[in-house]
Every structure is written in C-alpha cells, then in structure tokens.
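Take a look at the letters that make up each chain.
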Amino acid sequence: FNLLAVKIHLVLLLYCSLDYTFFALLCAGVKKGDRVSIYMPMVVELVVAMLACVRIGAVHSIVFAGFSAESLCERIMDSQCSLLITAGGLSNPHRRLTHVPWNPDVDLCWHTLVCGESDECEPEWCESEDPLFVLYTSGSTGKPKGVLHTISGYMLYTATTFKLVFDYQPDDVYWCTADIGWITGHSYITYGPLANGATSVLFEGLPTYPDVSRMWEIVDKYHVTKFYTAPTAIRLLMKYGSEPVQKYKRESLKVLGTVGEPINPEAWQWYYTVVGEKRCPIVDTFWQTETGGHVLTPLPAATPMKPGSATFPFFGVVPAILNESGEELEGPNEGYLVFKQPWPGVMRTVQGNHQRFETTYFKKFPGYYVTGDGCRRDKDGYFWITGRIDDMLNVSGHLLSTAEVESALVEHEVVAEAAVVGRPHPVKGESLYCFVTLTDGVTFSRALETDLKKQVREKIGAIATPDFIQEAPTLPKTRSGKIMRRVLRKIACDERDMGDISTLADSSVVEELFQNRCSTAV
Ligand code: WTA
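Rules behind the numbers
Numbering of residues starts from 1 in every chain and runs along the sequence as written. Note on the predicted model: pLDDT of at least 70 is required for a residue's local features to be given, and 80 or more for side-chain atom pairs to be given and counted; whole-chain, interface and lining totals, by contrast, use all residues. Think of the side-chain values as coming from all heavy atoms in the structure, minus any hydrogens and water. One requirement defines pairing of two strands: DSSP has to find at least two bridges between them. Counting from the N terminus, the helices are DSSP H or I runs at least four residues long and the strands are E runs at least two residues long. Put simply, buried Ala, Val, Leu, Ile, Met, Phe, Trp, Tyr and Cys residues joined by side-chain atoms within 4.5 Å make one nonpolar core. Throughout, exposure labels follow a simple rule: accessible area from a 1.4 Å probe, protein chains only, divided by the maximum for the residue type, with under 20% read as buried, over 50% as exposed, and the rest as partly exposed. Two residues qualify as a contact provided that any one of their heavy atoms is within 4.5 Å of a heavy atom in the partner residue. Note on handedness: a crossover is taken as right-handed if, strands pointing away from the viewer, the path from the first strand over the helix to the second is clockwise. We call a residue near a molecule or strand when any one of its heavy atoms sits within 4 Å of it. A 3.5 Å cut-off defines polar contacts: any pair of N or O atoms within that distance qualifies, except that in protein one atom must be a possible hydrogen donor and the other a possible acceptor, and neighbouring residues in sequence count only when both atoms are side-chain atoms. Put simply, Ala, Val, Leu, Ile, Met, Phe, Trp, Tyr, Cys and Pro go in the nonpolar bin, Asp, Glu, Lys and Arg in the charged bin, and everything else, Gly too, in the polar bin.

> Explain the sheet that holds strand β15 (residues 328-329) to me, please; I cannot follow it from the model alone.
Within a beta sheet, neighbouring strands are joined by backbone hydrogen bonds and run either parallel or antiparallel to one another. Ordered in space as β15-β14-β16-β18-β19, the five strands form an open sheet in which the pairing is antiparallel. Of all strands in the sheet, those with a lone pairing partner are β15 and β19 (383-388), marking the two edges. Looking at chain direction, strand β16 (residues 333-339) and strand β18 (residues 369-377) are connected through six bridges and run antiparallel. The partner of Val338 across the bridge, within β18, is Val370.

Below, the structure written as structure tokens:
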C-alpha cells in the first residue's frame, strides 16, 4: 500500500487484546525462533504484533510500509519469514480506502483468529542472546542487510538510553514521530519507552496535514513533555515560519530530540528558539540501526550544547577518529568515526551472512567498529558528524545506497549504465541525482524519465524516487574503468572546481555533462 495514503488519526498506546494476539500467532503455527514479517501502517496493532512475536519467542522483521512489494518480497525471502502480518486496507486523508484483494488460500483474518481465544499466554523463555528482531538497512554494496539484534543487550540499552537521554519521569508524555518501520521507531517508540512503562503518543499522519500546526496541536492536546523528531521535519516546518508554531502553547514541552541526519545549526536554532522557546534542551542523538540505541548524545540539561554537534559518547561507548591508514587521531581532528569496544545494544550479526557482518564493519580497520560516517572533534572534545563517507545517501533521514538505486535503474531495458549521487536539498538533506547511459539508438525523453522514476519506485519504494535524471552519453571513468563519483557529485552540484581529474580516461565528457545538467527537479 501507499505510504502517502495515510489515515490521519492518533491513538494512545493501549495494551489491548495483546494476549489474544499471542494465541492467534500460535494458532497460525508460529513457534519460538520462527521469523515473522510485519508490514503495517502506524496503528496500534503494529505494536501489538511486535510484542506478540516477542512473547512467543518469534523474531520479527518489520518492513517500512513505504517500501514496494518487491522490496518486501526480497526481505521476506532473505529472513525466511513464514508469516506476514499486514493491513488489508488503508485510508488516506480524503478517507478513501484502498483494499488488498483477499486470497483464501493464504490469507488469515486477524479478527477471526483472535476471536474466542483465551486472554492468557505464558511467555516463552529465551536466552539473553536469542534474536529479538531483524531490521533491514541499506548496504553500500547493493542488497540490504538484515541487522540482527538480540534480546537482553538491546532491551537494556534502549531502556537505559531512553531513560537518561530523554530524562524520563513517570508523569511524562513522550512522543516520537518516527515510523516503527525504522530503527528509531523500534527502539524509541516500542522497546525503550515500554520497558520504562512510559506513556507514549503513537501517531499516524503527516506534520503538514490538515495544516502545518499539526505537531503543536497534538503536543497541546496530550501535554507532550518529551518530543523526538528528525531534522528533515524541522526544516520542512521552518519554511512556514513561527506563526503556525505559536498558535499553540507548547507549555508542557521539556526536552526536544533529533535523529537521523546531521542537523544544520539554523534548523537547530529554530527548534530551540521557536519550538522550545529556549526552555528545552535539545538532544541531538547520533546512532544507527546497527548500534541499537543512541551512541553519541547530550544528556539534557547536563551536557552544554553546541548547535549541530551530537556532543559526547553515551556511557560505555568509546569512540575514536581514525585517519585513512587507521591511526587514531588525538585532539581536534577529522576522519573516520569508529568505536573501540562493544556496548550492550550493538548488532550481533547480519541475518544469514556473518561474513558480511565482519567485512562491512570490522575489516577496514581491524579491531574497530566502523560507522561509515565522517566525524570532526573540536578543541573542546565535541563530536560533529560530517555525513556518510561510503556510497550511501541520506534522503529525509532515510539511508539509501547508491548501488541499490543504480541497479533498479539498469534493470530498465533501455538503461545501459547508471550512476547515482547526492545533491544537497534544503528540506530533505540530500536529493537523488541520477546519470543514465542509454542503450544505442534510444533517445532520452520526458516520458522515459517518468518511466524510470516509476521503475525505481516500484523496485524499491517511494522514498527512493529520483529527483533528477540526466542522460549521460558516457560516464566519467578512470582508465581502469571505475566511475568517478566525485566528478559526478561536482556536476550535480554545479561546482566547477574539479580538483585533480588527471586519472580520468576522457576529460571531454565532463564539460558535456556540465552543459546538460538538470538545474531544477521536474
Ligand atoms: C545518520 C537512524 C548526524 C548517520 C537512527 C548514521 C546522524 C545514519 C544522526 C544511520 C545525527 C543518524 N547526526 N547523523 N544525530 N543520526 N545519523 O541506520 O549517517 O537509519 O550513520 O539509523 O544516519 O541511519 P539509520
């Protein structure tokens, strides 16, 4: 179903009909250790389904509802899920319901299964290192990797970071605007808050519907005290100025959090001054699907803040900055962000491919966990994330691999070769700029461009829709045939200062690409 076709409503987390659901899953034949895929909108049944899996020792694999059927299929196959829990329909803001056709051979109805079941279900006893869930994240070599987290370490870590980073108090009303389909929702909507018994707002909707005051209206309605969102949402709302924010009081707010990408100081200042009225500390939390929970973060009111810096490591986390040859840099410096020792919430393996786990995170610098992010440390020891240094893009806080988008493009019959780079975007952080080389005799057209965008949307999902597609009769390559992305990035951003391009096999392609670059998205 369509991510944008969301039903606008809000529910408070309820522990309703949980036990029935455990039984229903048992009835569907799910046993301890089995894998269950979940593909659902942000409704309370999603949380119920997750907890039901955990109760009976099954391992959930949630796929963000904005991913395409093909992406869902790939994840189901990779994690060997025997059951998919999904929603049969979803209404959009105009109250149109889209229905998925029913197939009696494979489909089971939640309500029919739950009906008449006992409301008691003994928990399945598990080892602390048994798997809790698998969650897929983009990999720089193309295929997404199933990040596997285990029960006790992850629970301990999300519970502790939630408590300390949001300074959780029993009378708090906490609201994280993320989707549960991403790690932020797993750790800081479901597990961290519920392990602390926190009252949460679970929201399905858009920050701009029915109007751009939506967030603040909800803050006032439910007296939200701790609020957690992404820089892309802040930048989006910032465009409309302070008036839509000031229509609501926001007196209940105490701590404001951000996650997902570096926050630019301007957005930080707006969040701090306009939304929090300089009363609320901002916690800029740096972490990853792989880290399970916050790894670099301020503690509210305890850590002196610097706008745009995730400040210092959380307890037990030991970061270092390395240069290209793997030497640890001391003092003010910039390089690769790595961690020197494990913490309870770190991922344990890549689903079905432990080798890939070792290669991805531990091979480049033996003995260190490599985040894939660049980082600067200033003279006061503050950490500043500078962004990805691998072939990953961060679009609206969603990590995408360039290779994944490229392979969706080249699957089109007229595309011979494709190269995708990021171009800075004022709201999304980065946008997708794609270069395509067409097969002989094919001419580039608007219709083809539309078709290619559709192809990527269908293969991966709406979040990966290209913003720009430029025809490249040839791509800039080194003499050994490697595409020079650095050059393509400069072209996408219209930066004429190319640096050293002496390794380029044919430098005339650069000028040609410059002349035909896309200046605005169509
Ligand atoms: C980026 C999301 C700067 C970073 C929790 C990381 C950030 C990737 C921040 C992980 C932050 C996340 N400041 N960059 N506060 N938080 N990132 O796996 O590039 O979806 O590696 O996990 O997001 O994205 P993921």
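Back to the write-up after that little detour.
> Can you walk me through the nonpolar core in this structure?
A general trend in soluble globular proteins is that nonpolar side chains are found buried together. Among the nonpolar cores identified, the biggest contains 70 residues, and Ile38, Ile180 and Phe339 are the most heavily contacted of them. Top contributing element to this core by residue count: helix α2 (residues 44-55), with nine residues. For Ile180, the residues in contact, after removing those within four places along its chain, are Met42, Leu46, Val47, Met50, Ile62, Gly185, His186, Ile189, Thr190 and Leu202. In terms of nonpolar packing, the next biggest core, distinct from the first, is built from 29 residues, Tyr39, Leu72, Val405 and Leu409 among them.

> Please explain the pairing of strand β9 (residues 173-176) as it appears in this structure.
Two faces make up the sheet, and in a regular strand the side chains alternate between them. Alternating positions in β9 separate into two faces, Val173 and Trp175 on one and Tyr174 and Cys176 on the other, with burial throughout. As paired strands, β9 and strand β10 (residues 199-204) are joined by three bridges and run parallel to one another. Considered in β10, the bridge of Val173 is made with Thr199. Taken together, β9, helix α6 (residues 183-195) and β10 form a β-α-β motif whose crossover is right-handed. As defined by bridge partners, β9 adjoins strand β11 (residues 226-229) across three bridges and the pair is classed as parallel.

> Is there a simple way to explain the site of the ligand in this structure?
Taken together, 17 residues are adjacent to the ligand, and Asp284, Thr285, Thr289, Asp373 and Arg388 come closest. Between the ligand and the protein, one listed contact pairs a nitrogen atom with a backbone N or O atom of Thr285 at 2.8 Å. Breaking the shell around the ligand down by element, the ones donating at least two residues are α6 and β19. Taken together, the residues of the shell around the ligand sort by class into seven nonpolar, six polar and four charged.

> Explain helix α10 (residues 265-275) here, please?
Residue pairs three or four apart in sequence face the same way in an α-helix, which turns once every 3.6 residues. For α10, the set of buried residues is Ala267, Trp268, Trp270, Tyr271, Tyr272, Val274 and Val275. Glu277 occupies a position one or two residues after α10 and carries a positive phi of about 45 degrees.

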